[in-house]
Amino acid sequence: MKSTLLSLLLAVMAGTSLAQIATQATPVDKIKIAKGFKVELLYSVPKDTEGSWVAMTQDDKGRLICSDQYGALYRITPPALNGSPGETKIEKLSIDFGHCQGLLYHAGALYGVVNDEAYQGRGLYRCKDTNNDDQFDKVELLRSFPGKAGEHGPHGVIASQDGKSLYVMCGNQTPEPSAETSLVPRHWGEDQLFPMLLGRGFMRDVLAPGGWLAHTDLDGKKWELVNTGTRNTYDIAMHRSGDIFGFDADMEWDTGMPWYRPTRVCFMQSGGEFGWRTCSKKFPVRWEDSLPAVVDIGPGSPTGVAFGYGAKFPVKYQNALYICDWSYGKMYAVQLTPSGAGYTGSAEEFMSASPLPLTDIEVSKKDGAMYVSVGGRKVQSGLYRVTYAGDATVLDSEVVEKTAALDAYAMGGDPPVAGRKKLEAFHGKQDPKAVEAAWPHLASPDRNLRFAARIALEHQPVGSWKDKALGESNPRAALTALMALIRSSGGDKALMEPILTALNKIDFKALKGLDRVTLIRNYMLVFTRLGEPAVAAKSALIKHLAPLFPTNDTGLNRDLTELLVYLGDAGIVAKAAPLVNESPTQEEQIDYARILRFAKTGWTKELRADYFRWFLRAANYKGGASFDLFIGEIKANALSTMSEEEKLAIKDVLDAKPEPKALPFSVKPMQFVKAWTLPELEKSLGVGLEGNRNFQNGRNIFGAATCFACHRFNNEGGAVGPDLTSVAGKYSPRDLLEHILEPSKEISDQYGSTIFTKKDGTIVAGRIANMKENIMMVCTNMMDPNNFTNVDARDVVKTEENKVSMMPPGLLFMLKEDDILDLMAYLLSKGNPDDPMFVK
């Protein structure tokens, strides 16, 4: 029996430095926790003897079982709540088993997911106590998983709602294990028109389906694929309705690129496809052949997740989905909101510290407390307990009402949810009733419901619904049905002409929003699935599609450009090439450069020269570890399409060397205008925002003021700062303006930084972005997220919260008042050009 809490507290009270207690988990006084809650450090794991804990479960006696990432299993009996300070009992289990990144005690057995070559290799195992001596004595491998050992392998395991089966989550380094059945139609593809950019080439050879969720019986005999296309979802949790949620990883090397996707919470819908593809091939959220996230979080390293069910917390927190970010040391409480047949959500920081490498969460069925483990990659590990110390009887009636509504909704009491669940019954099998049941929902305004209907259709014999799809007159239904037909075509080129004819009949101008994007995406899918069209067909398509560019949708414009470049439209170069330099965001500029790199016709000497001058500017842009390599590949690809004569004509540009400069997103130089104050500007926030603002200028200013460099907005931009898409629902115009003018007045815990003072007196200020053993990788510049300063925890004598925001002040001082008002309108509109604030 061991207890470290008292000795740790005495050490901290005595002024002991962080270096002196490096063998202890992060002290409680360094941890921020939501109001009304308290944290106890129950145990600091001795690294040398007990490793670093990454997975946790609870047995039928309320004891916790944890696994060392590279070693054994440990059983923990926490001290009683609200009593005298007891000791935390730690017991190493005698069974030769561990190395688990997923643990589940269920039906009298311990299930473990091994993610390396220990024992019989990667797979799902079951441990049993065959002689009832309270010790596991039998280990059996239920299912081995193919692939090599790595951190993107097999992870979480949970029980089904009825307790009769299991769900297992695996990352994209684990090939799909030849499941006997599949809710996902088995015709996934890469579905990109142009070759990928490699960057550093991590997992370049891994093709679809990527990460996957599977369902199996308690003996692991029969497996069913549930959904695919995730990157590296470490853990999953089940809503009381039976819906499953996961926290999927970003690819930090892609930061700053147009295909970067932040860590995100996903509703793991039946038959789902979440659009992960290797290197530059990831699907943008707008493509309807994949599902969007419930909520984007930002950069990080997802680990354990759990619902708060059974916790002795206020209702709001009982029903939250808790998600752990290992690298930034943050646990979020995600509040889910009904949205048609799916969900949206908002994330609130619940618990954080620097460092706090969170790995797993368990809400105890015995005492109603939340238990939290930290560890992984051989860093200092520990076990914490979170309890509510406030007045639990004072509950917000609105929260209770919302919770009840959410439960009724998710249980199928809402028509879209009931419709989705009925359609999901047709997934994975052929049923003569499926086509008739699915067809009315192909035109649904609800994306999740349309998706469920399309998947039901794709599981049926194509011959039973092909003609119906080709003849569908409702544009929205036709878009969904034709996407299903293209994906289910099996490469039958005879279908190209009738499908293109059907697509050409759809009036683009009569469509709006995502429907327009889906029409263009369907054209792209025709060519990725059925091959290149004939010359005459290309000419006809160019004539039909070229007049559609440009639109007021930036994502759609890029898709149109890519499609027209693929078809060989000479006219698109003159329209799109200027956008390489003029677009307001780094990502948008890069995307146009990527798309145009294979354009062979339509160039003039001036357009070529301007295109390649952009690379001189881009040399100063910042991004992840693959950033410079991606940019270099784009340039090399573009050069490969040019003749020696064409290269010679712009030799001065090609030979020029970039000069180090500040981030120059705008081609127009900006100069100091005025040191604006809140009283000077707030007087214009009323009438000044009523119907006379310029949407495009607001978006351009968001880029020119370098906001896009750090902040995500409407699914574009950086991700190192807060996502600003929802600011309209959080702040009044005045409050928003105040936050921009005075960023250090109130700093979100989610994006605050830490000051580390070292033994030699030097100071490092920033956010911990990664860790390994005793080394903390600190990001000190939000504008350069790949530039880390390594700090050895043993050299640190003091840590403290930084009172200065990482967002620089004075960003509005370079803008005129009208520019500021256009920027405010752009933010408050959530990026909607049809908002009444804008001039039509």
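Residues numbered from 1 in each chain as written. Predicted model: local features only at pLDDT ≥ 70, side-chain atom pairs only at ≥ 80, totals over all residues. Heavy atoms only, no water.

**Regarding the pattern of salt bridges**
As enumerated under the stated definition, the model contains 42 salt bridges in all. Across the salt bridge formed by Glu288 and Arg476, the nearest N and O atoms sit 3.3 Å from each other. Of this pair, Glu288 sits in the loop between β18 (263-267) and β19 (295-298) while Arg476 sits in helix α9 (residues 475-487), and the two are 188 residues apart along the sequence. A relative accessible area of 9% means that Arg476 is categorised as buried. Taking the shortest distance from any N to any O, the salt bridge between Arg454 and Glu458 comes out at 2.7 Å. Here Arg454 pairs with Glu458, and both are found in helix α7 (residues 447-458), just four residues apart, close to one helical turn. (Salt bridge = Lys/Arg side-chain N within 4 Å of Asp/Glu carboxyl O. Helix = DSSP H or I, 4+ residues; strand = E, 2+ residues; numbered from the N terminus. Buried < 20%, exposed > 50% of the residue type's maximum accessible area, 1.4 Å probe, protein only.)

**Topic: helix α10 (residues 496-504)**
Taken together, the buried positions of α10 are occupied by Met496, Ile499, Leu500, Ala502 and Leu503. For α10, the angular spread of the buried residues around the axis is 160 degrees, confining them to a single face. (Arc of directions from axis to C-beta.)

**What to know about the pairing of β18**
Counting buried positions over the five residues of β18 gives five, a clear majority of the element. Across the two faces of β18 the burial is the same, with Thr263, Val265 and Phe267 and Arg264 and Cys266 all buried. One ladder, built from four bridges, connects strand β17 (residues 244-248) with β18; its direction is antiparallel. Residue pairing in the sheet places Asp248 in a bridge with Arg264 of β18. Bridging between β18 and β19 involves three bridges; their strand directions are antiparallel. Residue Thr263 lies in a different strand from β19, and its bridge partner there is Gly298. (Pairing = 2+ DSSP bridges.)

**With respect to the packing of α10 against helix α11 (residues 514-530)**
How two helices sit against one another is set out by the angle between their axes and by the gap between those axes. Their axes nearest at 11 Å, the elements α10 and α11 cross at an angle of 170 degrees. Taken together, the axes of α10 and α11 lie roughly antiparallel to each other. Of the residues in α11, those in contact with Met496, Ile499, Leu500, Leu503 and Asn504 of α10 are Leu519, Asn522, Tyr523, Val526, Phe527 and Leu530. Its residues placed into classes, the contact of α10 with α11 shows nine nonpolar, two polar and no charged. (Axes fitted to C-alpha atoms, helices over the stretch in contact; angles between N-to-C directions. Parallel < 35°, antiparallel > 145°, perpendicular 65-115°, else oblique. Contact = heavy atoms within 4.5 Å. Nonpolar A, V, L, I, M, F, W, Y, C, P; charged D, E, K, R; others polar.)

**Brief notes about the layout of surface pockets**
In this structure, the second largest pocket spans a volume of roughly 990 Å³. Forming the walls of the second largest pocket are 39 residues, and the residues nearest its centre are Glu151, Glu252, Ser301, Arg377 and Asn770. Listed by contribution, the elements that provide at least two residues to the lining of the second largest pocket are β20 (302-307), β30 (763-772) and β31 (775-779). Broken down by class, the residue content of the lining of the second largest pocket amounts to 17 nonpolar, 16 polar and six charged. (1 Å grid on protein atoms, 1.4 Å probe; cavity = no way out; pocket = protein on both sides within 12 Å on 5 of 7 lines; lining within 4 Å. Points joined across faces, edges and corners; volume = space filled by probe spheres on them.)

**Section: the side chain of Glu176**
Relative to the helices and strands, Glu176 is located in the loop between β12 (165-170) and β13 (181-182). You can call Glu176 buried: its relative accessible area is 16%. Within the structure, the side chain of Glu176 is placed 2.7 Å from the backbone nitrogen of Ala179, a separation counted as a polar contact. Side-chain polar atoms of Glu176 contact the side chain of Arg186, separated by 2.9 Å. Dropping the residues within four chain positions of it, Glu176 is found in contact with Arg186, Trp188, Pro209, Trp212 and Leu225. (Polar contact = N/O pair within 3.5 Å; in protein donor to acceptor, adjacent residues only side chain to side chain.)

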